[in-house]
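Overview (structure and organization)
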2 protein chains.
Amino acid sequence: MSMPVAVRKMNEARALEALFSKGIMSRADIARVLELTRSTASSIVASLISEGQVQEVSADNSDREQKTGRPGISLRLNPDYAFYLGADVGAKDLRLCVLDFAGTLRAEVTHRFDKPNPSSEVVSARLAEMVEKACADLPDQAAVKGLNVAIPGIVDLTGDILRAPPLNWRKVPFREQLAKAMGEMPVHKLINDANAFAVAQLRRPDLIDTQDAVFLLMDDGVGGCILSGGRLLEGTTGLAAEIGHMPIGTKGHCNLTGIHGAFENYVSRPAILAHYANLGRQATSLTAFLAALDQGDAAAQKVLSVWTQDFARGLAILTTLLNPARIVIGGRVAEMARRTEGDLLGALRDHLLEETPPPVLELTGTSGEGPAVGAAMTLHHQHFAQFGPLGSGRPELLGADHSA
Amino acid sequence: MSMPVAVRKMNEARALEALFSKGIMSRADIARVLELTRSTASSIVASLISEGQVQEVSADNSDREQKTGRPGISLRLNPDYAFYLGADVGAKDLRLCVLDFAGTLRAEVTHRFDKPNPSSEVVSARLAEMVEKACADLPDQAAVKGLNVAIPGIVDLTGDILRAPPLNWRKVPFREQLAKAMGEMPVHKLINDANAFAVAQLRRPDLIDTQDAVFLLMDDGVGGCILSGGRLLEGTTGLAAEIGHMPIGTKGHCNLTGIHGAFENYVSRPAILAHYANLGRQATSLTAFLAALDQGDAAAQKVLSVWTQDFARGLAILTTLLNPARIVIGGRVAEMARRTEGDLLGALRDHLLEETPPPVLELTGTSGEGPAVGAAMTLHHQHFAQFGPLGSGRPELLGADHSA
DNA sequence: ATATGTTTGTTTTGCAACCAAACAAAATAG
DNA sequence: CTATTTTGTTTGGTTGCAAAACAAACATAT
């Protein structure tokens, strides 16, 4: 691509990104944000409008910031310009989300399997049905750009699954099967669910300026994703941010991965239940454990107290190495953190130097659509970053795979 | 800066960077590497030559790669275009290095203090003398661009020292003192010594393409630096990569920082000596300990064996989170790793998933000029990256010049 | 010696994107 | 109604890069 054209594409991408984060802007606003002249901004907007990506919208002039001067013409992303599908394969259910060009969730369907741990063929077939039904409701079938699928496992570079313990899948050529079942619909990639969750979070409008953060998805395992300097940390082979596998000690309450002392052997759901069992009590699910905890069960409180210490030490390692502004914690196990109140932050502080500011600890809602939304959001982001601010993302942005 | 000018500056920086890593190139070589036409490359080279940054050099046509066609005119960086000074303040000695524009070490002086732990005033005065003497030997005084100083401690954003335990300094306004003592010579910044060491390593020509690596400097403490996706990992407040402080356990052999279980409490020089002392033996220095080890002392071997396990676990945490291609280990304590032979790598592997490739472990020489060279190299790199390959700079690079 | 082929480096022409400045339009304040 | 402010558009100018043609330098074959 010739030089000037590359610059133009980049500025168009920056304009789209600005519109995505602010929602509504005038041409003059765009000029200010991108530090271009109004004339250039106008030219860029004209291109985007002619392609249908952006549209003028009848202004709501009632509550303007600016009281004087000619009011700007409001611009926004054309929501119907494109749609992105994202799915999340769980052991018990299958979820499908549809995002529009503005990043809004337009549809969401969940299918609960008759019996858990379905085969990949069953998943492929069922997902194809769900996709067809979801697309039928959209205003423009041709605007659907494709499907990404989040998986609780490790995905290799070819898109085959290397390992998905919660599903009992090993070396399943899932993408190939999916592509066959989907017909015309392009299946872009399989993504680790923790990664997908992270993408959903980091594209939140309020986090758009966050340059350094850590995202944790805690359920049967602990998966994660690291945002560093505005980019996802991938590592040489795309296997970075295996947060659940980092050896924070030498033992642990269980042994999920074969790595003694791995973080998830201390703080994941199975670890919590195993620890509780070691104290002579039984809980069949995290929900049951939390109920016991809330009723003041002493053993459960002991488990929470130890969990807080171990979790804080893991967070301290992350903070010491990465100095993130924020750590976002999702998954069912986030409920544990919610019950530690100030203790967790206190324990974290105890492990840090005075000079190190502790990150903001944020617990997300547990509605659980994170990974599916994230899978779709990955496609969305890919379009926006196509020629975008260099360094913020090649199409290969999310090659990493981490088990959760 | 107008758009085309910004692009030009960037291409000039890319050309300089290419020349730095390859040493000698023709205009056609530059055109190929930068993916520009020969005419554009010629134009860029002409600018650089007129500024004196690059020079043509009488070709040595005896052993050309290319046997046919017109031979190119060899180009190289003009070594005397600029000089960069770098110093390293230690408890026992003070070191000064001079790098030229081509990155070659042109001079090196070490001063040993009469008594250890000098005051900041003493260091400032002595360093000023050394700088004056070193500059006198250079071909062009005006080409000296400034001085950076590496410090074994934490530096805040204003450039004052927050803490330097090995020197017994606390909240010393060192940069201000230095600037006063240096007169005309600009003192650009104070840098943590481990960071400086890392910069010296990552600018090595053979590592120029490495995108993900970890650098460890192990002496009285453990400092580090993380290269991720080709950029130094800084974190929100610039305090990332405090590798020595990450809590890998709950105890440790000593307590250097007040953080129980910090990595350096297990594997730094004081930790090794403390552990040895706990086994009822004495060693006054690491050298003495290594001598005992080499003579087959059983307690020393026990210490090494435990050290290997602890160190491996720390490396496993780094590998799990960052997936680096290489971990470079410097400082005197690197000698310990040298004596573990295969055990260290084996222990590291035990902590990793099968899928995770262990990084190359590299032990650098222990001549100890790393931090001083790195401090100077930081200045060198600053010039080269001034408008450099986008991503190392700011994204608002391509707009109008609002600075005027 | 001469011709041929290959690669380098330069020159010329054209283009795309941006900026600066001037201008027209749409609102508010007095 | 006029002055002021801000928006959006238009025009002219600048800049760096690409494409293509050309000149130069060397190796090799005849």
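Residues numbered from 1 in each chain as written. Chains lettered and ligands numbered in written order. Predicted model: local features only at pLDDT ≥ 70, side-chain atom pairs only at ≥ 80, totals over all residues. Heavy atoms only, no water.

Looking at the nonpolar core
- Residues A:Phe289, A:Phe311, B:Phe289 and B:Phe311 are the most contacted members of the largest nonpolar core, which totals 92 residues.
- In contact with A:Phe289, not counting residues within four places along its chain, are A:Ile272, A:Leu273, A:Tyr276, A:Ala283, A:Ala300, A:Val303 and A:Met336.
- Counting 42 residues, the second-largest nonpolar core is a separate cluster that includes A:Ala41, A:Val45, A:Ala82 and A:Val373. (Core = buried A, V, L, I, M, F, W, Y, C linked by side-chain atoms within 4.5 Å. Buried < 20%, exposed > 50% of the residue type's maximum accessible area, 1.4 Å probe, protein only. Contact = heavy atoms within 4.5 Å.)

Concerning the relation of the copies chain A and chain B
- For the pair chain A and chain B, the relating rotation is 179°, the translation along its axis is 0.0 Å, and the fit reaches an RMSD of 0.3 Å. Interpreted geometrically, this transformation is the action of a two-fold axis.
- Of the residues that chain A buries at the interface, 92% are likewise interface residues in chain B, meaning the two copies contact each other through the same surface. (Least-squares fit on C-alpha atoms with pLDDT ≥ 70 in both.)

Some words on the sheet that holds strand 7 (residues 154-155) of chain A
All names here are of chain A.
- Pairing is antiparallel across the open sheet formed by 3 strands, whose spatial order is 7-8-9. Each of the sheet's edge strands pairs with one partner strand only, and the pair in question is strand 7 and strand 9 (169-170).
- Sheet analysis places strand 8 (residues 161-164) next to strand 9, joined by 2 bridges and oriented antiparallel. Counterpart to Arg163 in the pairing with strand 9 is Arg170. (Pairing = 2+ DSSP bridges. Helix = DSSP H or I, 4+ residues; strand = E, 2+ residues; numbered from the N terminus.)

As for the protein's contact with DNA strand D
- Neighbouring DNA strand D are 27 residues, the closest being A:Arg38, A:Ser42, A:Ile73, B:Arg8 and B:Asn11.
- A share of 72% of the atoms of DNA strand D within 4 Å of the protein falls on sugar and phosphate groups.
- A distance of 3.4 Å separates a sugar or linking oxygen of DNA strand D from a polar side-chain atom of A:Thr68.
- Breaking the surface near DNA strand D down by element, the ones donating at least two residues are helix 2 (27-34) and helix 3 (38-51) of chain A together with helix 1 (3-22) and helix 3 (38-50) of chain B.
- For the surface near DNA strand D, the residue count by class is 8 nonpolar, 12 polar and 7 charged. (Near = heavy atom within 4 Å. Polar contact = N/O pair within 3.5 Å; in protein donor to acceptor, adjacent residues only side chain to side chain. Nonpolar A, V, L, I, M, F, W, Y, C, P; charged D, E, K, R; others polar.)

Remarks on the interface of chain A and chain B
- At the junction of the two partners, chain A supplies 51 residues and chain B supplies 54 residues.
- It is A:Leu321, A:Leu353 and A:Glu355 that lose the most area in chain A upon contact with chain B, and together they represent 16% of the buried surface on that side.
- At the boundary of chain A and chain B, one finds 0 salt bridges.
- For the pair chain A and chain B, the interface holds 18 residue pairs in polar contact (both at pLDDT 80 or more).
- Only helix 1 (3-22), strand 8, strand 12 (222-228) and helix 10 (298-322) of chain A provide two or more residues apiece to the side of chain A that touches chain B. (Buried area = accessible area lost by both parts, 1.4 Å probe. Salt bridge = Lys/Arg side-chain N within 4 Å of Asp/Glu carboxyl O.)

Here we look at the protein's contact with DNA strand C
- Neighbouring residues of DNA strand C: 28 residues in total, closest A:Asn11, B:Arg38, B:Ser42, B:Gly69 and B:Ile73.
- Counted by atom, the contact set of DNA strand C within 4 Å of the protein is 74% sugar and phosphate.
- In this structure, B:Ala28 approaches DNA strand C through a main-chain N or O atom, which is 2.9 Å from a phosphate oxygen.
- Those elements that provide at least two residues to the surface near DNA strand C are helix 1 and helix 3 of chain A together with helix 2 (27-34) and helix 3 of chain B.
- Across the surface near DNA strand C, the residue classes break down as 8 nonpolar, 13 polar and 7 charged.

What about the environment of A:Pro270?
Residues and elements named next belong to chain A.
- Within the fold, Pro270 resides in helix 8 (residues 269-278).
- Relative accessible area serves as the criterion here: at 23%, Pro270 is assigned to the partly exposed category.
- Remark: the alpha-carbon pair of Pro270 and Pro165, spanning 105 residues in sequence, is separated by 13 Å.
- Those residues within four positions of Pro270 in sequence are excluded, and the remaining contacts are Asp219, Asp220, Cys254 and Leu256.

Thoughts on the packing of helix 8 of chain A against helix 9 (residues 286-294) of chain A
Residue and element names in this part refer to chain A.
- Their axes nearest at 10 Å, the elements helix 8 and helix 9 cross at an angle of 55°. With respect to each other, helix 8 and helix 9 are oriented oblique. Between helix 8 and helix 9 lies a crossing of left-handed hand. Residues Arg269, Ile272, Leu273 and Tyr276 of helix 8 form the contact with helix 9, whose own contacting residues are Leu286, Phe289 and Ala292.
- Its residues placed into classes, the contact of helix 8 with helix 9 shows 6 nonpolar, no polar and 1 charged. (Axes fitted to C-alpha atoms, helices over the stretch in contact; angles between N-to-C directions. Parallel < 35°, antiparallel > 145°, perpendicular 65-115°, else oblique. Left-handed = near helix turned anticlockwise from the far one by under 90°.)

Observations regarding the confidence of the model for chain A
- When pLDDT is averaged along chain A, the result is 87, and 92% of the positions lie at 70 or above.
- Below a pLDDT of 50 lies the segment residues 390-404 of chain A, which in the model reaches 57 contacts outside its immediate sequence neighbourhood of four places, other chains included. (pLDDT = per-residue confidence, 0-100.)

Let's talk about the state of the cysteines
- Enumeration over the complete set of coordinates arrives at 0 disulfides over all chains.
- Distance from the sulfur of B:Cys225, which forms no disulfide, to the nearest cysteine sulfur (B:Cys97) is 18 Å. (Disulfide = S-S within 2.5 Å.)

Notes on the sheet that holds strand 10 (residues 187-192) of chain A
Residues and elements named next belong to chain A.
- An order of 5-4-3-6-10 is seen for the 5 strands of this open sheet, with the pairing classed as mixed. Taken across any chain shown, the strands that pair with only one partner, and hence form the sheet edges, are strand 5 (105-112) and strand 10. Each neighbouring strand pair of the sheet contributes to a mean axis angle of 20°, computed without reference to strand direction.
- Those strands touched by helix 4 (residues 120-136) are strand 3 (83-89), strand 4 (93-100), strand 5 and strand 6 (144-151), and its axis lies near 35° from that of strand 4.

A few points about the domain arrangement of chain A
Residue and element names in this part refer to chain A.
- Looking at chain A, the domain boundaries give domain 1 (3-77), domain 2 (83-199 + 370-389) and domain 3 (209-363).
- Here the C-alpha centroids of domain 1 and domain 2 sit 32 Å apart.
- Domain 1 puts 9 residues into the contact, and the matching count from domain 2 is 10 residues.
- Note on domain 1 versus domain 2: buried area summed over both sides is about 850 Å², and carbon and sulfur give 77% of it.
- At the boundary of domain 1 with domain 2, the tally comes to 0 salt bridges.
- The element best represented in the side of domain 1 that touches domain 2 is helix 1, accounting for 7 residues.
- Class assignment of the residues belonging to the side of domain 1 that touches domain 2 gives a composition of 5 nonpolar, 1 polar and 3 charged. (Domains from an automatic or database assignment.)

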